[in-house]
Every structure is written in C-alpha cells, then in structure tokens.
Amino acid sequence: MPQTANNPHNSALDDFFLPDLCNMKAVLRLLVVTELLAVFLTLADLERLTPFPWADLGLTSFLLAWVGLCTATLLCALRKQLSRLKHSYAAFIVLFLFLMMVAFFTFAAEGLLLYLQIRHVGEVDVGTALVRNVLMGGIIGGLVLRYFYLQELLLRRQRAELTARVQALQARIRPHFLFNSMNIIASLIMVDPDKAEQVVEDLSSLFRASLKAEGEVPLKDEIDLCNRYLNIEKLRLGKRLEFEWRLDGLIPSLKIPALTLQPLLENAIYHGVELDDEGGKLTILVEWTGELVNIVITNPYHQHKKSKHKGNNMATANIKERLKVYYGDQATFKSVSAGNLFTTQISYPLPQQQ
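In this convention, every chain numbers its residues from 1, walking through the sequence in written order. With the structure being a predicted model, the display of local features is reserved for residues of pLDDT at least 70 and the display and counting of side-chain atom pairs for 80 or more, all residues being used for whole-chain, interface and lining totals. Excluding hydrogens and water, the side-chain values take into account all heavy atoms of the structure.

**With respect to the overall build of the protein**
Argument step 1. Of regular secondary structure, the protein possesses nine helices and seven strands.
Argument step 2. We call two residues in contact when some of their heavy atoms are within 4.5 Å. Partitioning the contacts of the protein with sequence separation of at least 6, the portion at a separation of at least 24 is 74%.
Argument step 3. Accessible area for the protein stands at about 20700 Å²; split by element, carbon and sulfur atoms hold 60% of it. Helix and strand assignments come from DSSP, with helices taken as H or I runs of at least 4 residues and strands as E runs of at least 2, each series counted from the N terminus. The method behind every accessible area is Shrake-Rupley, applied with a 1.4 Å probe, and residues are considered shielded solely by the protein chains displayed.

Structure (structure tokens):
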C-alpha cells in the first residue's frame, strides 16, 4: 500500500519493482507459477504423451519449488537493502542470486538422485544439465524481471496521473471556497468582527491543509478539514444546514486518501441541502471495524428538483479511482437514493498494523 511522502524509506519500498515476497499470498502465487512452469518444461521435452513421465515432472517441480522458495526467502531478507539501489543494480543482484539457486539445486538434485540410486554415474552429464538450467533460468528470470519493471513503471505513471488529478481538483475547490468565504467575511466584518476573524483563521487552516494534501493523510486530519468546510458553509446557510458526525472505533493510525470526504460533503450540500428552502441535515458515519473503514454520508434528496450547480462527477470518479489504486478491489464506493435520502457509502481495508 502506498505510504505518505513523509517517509522516504517507505516510499522506496513501495516504489520497488519486485513484489513483496515476505507476503504469504505472493509466495503462494510464486509456487503456483513454478508448478505451471514445471508442467510446461516437461511437456516441451515430450515426443508423445504416453507414457507420461511423472517422475520427471515430480523432479522438475521439486527443483523449481525449492529454487522459488529459497530465492523468495533471500529477496524477503534483502528487500530493504535492494530497494535503496538503482533498479538496474538491484535487478542484476536478484538475477545473480536466482541463478546461484538454480545452479545449487541442480547439483543438489543430481547428487540426491545418485545417492538414492535412481540414476547412476555417467547416466547424466551434470555439466550439461547445469549449463542448460542456468541458461533457461537466465532467460526466464530476465523476462520476469522485465515484466515487473514495466509493471512498476505503469503504476508510477498511474500515481503521477492521480496526483495531477488531485491537484486539478484542489485548484477547482480553492476558488469556490475563496469566493464564498470572502463574501461571508465581508458580511461579518461590521456586525461581528470576532466571528469574521474566526472565519479568516478557519479559511487559512483549510487552505493550508488542502494545498499540502498528497497521498494518504490521517483520517482525523481529513475529518478536521471537513469540519472547517462545514463551519464555513454553516455561516453561509445558517439554520438551513445541520450536520452530525458519528465516529466509532477510530484510532490515530487510520488513514484515507487526501480530499476524499470534503468533495462528497460538497456534493451533499449543493445537490441536496441547498435545493430545499428549509435546508436539511447531513449525517456522516465513520467507523473502523478492526479490518475495514466504513464511511456513510446521508443527505436530503429531491428527485424532482434540479440543482443550479454543475455536477461533481470528476471528484467522485477521482475518489473511486484512488480508492481502487490504494486499496485494490476490496475498496467499494456506492451511491444510492431511497425516498428523500441520498446515501454515499465508502469501505476500504485498513488493518491495525498499517
């Protein structure tokens, strides 16, 4: 999972082109791939399918499995050190370690077969087997490393595009906040200068937070940003706007992509509360279950009234895309209308250790 830019070491680990082989799921995928490769190599060496050489398949599977597991163990142990190197140097070291494993287990497998008297001396040329396996390992390893490198470039480009979209979203939000807030400040200067000063302070804090928002931010900071926005809108709309936060089980380590909640609250006010002369109430539920963060935003819904404001599809599409990039397919974003209520639901995985 991508981390904030405040920790260069975590950033280097996240940008490393190799998958995290300290993860059990990644190791299981590796074993499946090695088994498929064993079947492929066995079939490629056959002149006919019957009788099928089960012994050869078993030996190849055993050899590849041990090569894969031992290489994964080494890469897990050296991941932090490799992530600090240039990608080309790291790739060379990884390929070298992989080929050393191939050579070692080629000797080990042949020695085990001789010891168990499954094969006899002179039956197999160990030197030829070694050269063949190392060459095949080099070709396969090189292709796999190239694939991981291209995949990492694609992910970096996607992150850069997302960052640009966030910056565009911030640029769109800032003038809107500025114009409305300046009108509020102008109207308060003569009648309530203390409140006008408070709005200036809130506005300053709000823009400072939004300008530096990148990647993930603490969930409590995002909630604070939303409260500053709602306080300013409360001054503009008065009794027409009511809002209620329901926070359950939150801990300081919880995070969320920057500028996720505020655009949704903006939509809820502009396309819900403002359409009713009497206004309405926003309800924002944020809970952490120990594994998932669940966010539910409920606002008034007027099916037969058309908002005078343009839609905010860019913001919602951006939020959906960022949630998917950060948290994968387990992240969900749903919007449903029922009766006079419109509900937006967000859920994404965030275990405590993260």
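**Quick look at the state of the cysteines**
Argument step 1. Note that a disulfide, as used here, is simply two cysteine sulfur atoms within 2.5 Å. All told, the structure shown has one disulfide when counted by the stated rule.
Argument step 2. Here cysteine 22 pairs with cysteine 76 through a disulfide, and the sulfurs are 1.9 Å apart. The S-S bond linking cysteine 22 to cysteine 76 shows a torsion near 115°; that makes this disulfide right-handed. With cysteine 22 in the loop between helix 1 (8–15) and helix 2 (24–44) and cysteine 76 in helix 3 (residues 54–83), the pair connects residues that are 54 residues apart, well separated along the chain.
Argument step 3. Three labels apply to residues, based on accessible area from a 1.4 Å probe with only protein chains included: buried if under 20% of the type maximum, exposed if over 50%, partly exposed otherwise in between. Residue cysteine 22 is classed as partly exposed on the basis of its relative accessible area of 44%.

**Here we look at the packing of helix 7 (residues 219–237) against helix 8 (residues 261–270)**
Argument step 1. Whenever a helix is involved, its axis is fitted only over the stretch in contact; in every case the axis is a line through C-alpha atoms, and angles between N-to-C directions fall within 0 to 180 degrees. Where helix 7 meets helix 8, the axes come as close as 9 Å, and the angle between the chain directions of the two elements is 25°. The angle between the axes of helix 7 and helix 8 places the two elements in the roughly parallel class. Helix 7 and helix 8 meet at a crossing whose hand is right-handed. For the pair helix 7 and helix 8, contact is made by Glu222, Ile223, Cys226, Tyr229, Leu230, Glu233, Arg236 and Leu237 and by Leu261, Gln262, Leu265, Glu266, Ile269 and Tyr270, respectively.
Argument step 2. The residue classification treats Ala, Val, Leu, Ile, Met, Phe, Trp, Tyr, Cys and Pro as nonpolar and Asp, Glu, Lys and Arg as charged. All others, Gly included, are polar. In terms of residue class, the contact of helix 7 with helix 8 is built from nine nonpolar, one polar and four charged. The labels follow the angle: roughly parallel below 35 degrees, roughly antiparallel above 145, roughly perpendicular from 65 to 115, and oblique for the rest. Helix crossings fall into two classes, left-handed where the near helix is turned counterclockwise from the far one by less than a right angle and right-handed where it is turned clockwise.

**Looking at the environment of threonine 343**
Argument step 1. Among the secondary structure elements, threonine 343 is positioned in strand 7 (residues 341–349).
Argument step 2. Judged by relative accessible area, which is 14%, threonine 343 ranks as buried.
Argument step 3. Taking the C-alpha atoms as reference, threonine 343 lies 9.0 Å from tyrosine 301; in sequence the two are 42 residues apart.
Argument step 4. Ignoring any residue separated from it by four or fewer positions in sequence, one finds threonine 343 in contact with Val296, Ile297, Thr298, Lys334, Ser335 and Val336.

**Thoughts on the packing of aromatic side chains**
Describing an aromatic ring pair means giving the distance of the ring centres and the angle of the ring planes.
Argument step 1. Two rings from Phe, Tyr or Trp (for Trp, the six-membered ring) form a pair when their centres are within 6.5 Å of each other. A pair whose planes differ by under 30 degrees is stacked, one over 60 is edge-to-face, and the rest are tilted. Here the structure, examined in full by the defined rule, presents seven aromatic pairs.
Argument step 2. An angle of 55° between the planes, with centres 5.6 Å apart, marks the rings of tyrosine 147 and phenylalanine 148 as tilted.
Argument step 3. With relative accessibility at 49%, the residue tyrosine 147 sits in the partly exposed group.
Argument step 4. Taken together, the ring pairs in this structure connect Phe62, Trp66, Phe104 and Phe105 into an aromatic cluster.

**Here we look at unusual backbone geometry**
Argument step 1. You will see that leucine 259, though not glycine, has its phi angle at about 55°, which is positive.
Argument step 2. Mapped onto the elements, leucine 259 comes out in the loop between strand 3 (255–257) and helix 8.

**Remarks on a nonpolar patch on the surface**
Argument step 1. Like-charged residues are merged into a patch within 9 Å and nonpolar side chains (Val, Leu, Ile, Met, Phe, Trp, Tyr) within 5 Å, provided each residue has over 30% relative accessible area and no salt bridge. Criterion for a salt bridge: a side-chain nitrogen of Lys or Arg within 4 Å of a carboxyl oxygen of Asp or Glu. A grouping of Leu85, Tyr89, Phe92, Ile93, Phe96 and Met100 is seen on the molecular surface, where their side chains present a nonpolar patch of about 600 Å² in accessible area.
Argument step 2. Residue position: leucine 85 is located in the loop between helix 3 and helix 4 (87–115).

**Things to note about the nonpolar core**
Within soluble globular proteins, side chains that are nonpolar generally end up buried alongside one another.
Argument step 1. Core analysis: the largest hydrophobic core is formed by 35 residues, its most contacted members being Leu265, Leu282, Ile295 and Tyr348.
Argument step 2. Counting only elements with at least two residues in this core, the list comes to helix 7, strand 2 (241–248), helix 8, strand 4 (280–288), strand 5 (292–300), helix 9 (313–327) and strand 7.
Argument step 3. Residues Leu18, Leu82, Ala90 and Phe148 belong to the second largest nonpolar core, which totals 13 residues. Residues enter a nonpolar core if they are buried and are Ala, Val, Leu, Ile, Met, Phe, Trp, Tyr or Cys, with the set joined through side-chain atoms within 4.5 Å.

**Quick look at the sheet that holds strand 5**
Argument step 1. Read from one edge of the open sheet, five strands run 2-4-5-7-6, paired in mixed fashion. The open sheet has two edge strands, strand 2 and strand 6 (332–338), and neither has a second partner. The average undirected angle you get between the axes of adjacent strands in this sheet is 10°.
Argument step 2. Against the sheet, helix 7 contacts strand 2, strand 4 and strand 5, and its axis sits at roughly 165° relative to strand 2.
Argument step 3. Taken strand by strand, helix 8 contacts strand 2, strand 4, strand 5, strand 6 and strand 7, and its axis lies near 20° from that of strand 5. Strand pairing requires that DSSP identify at least two bridges connecting the strands.

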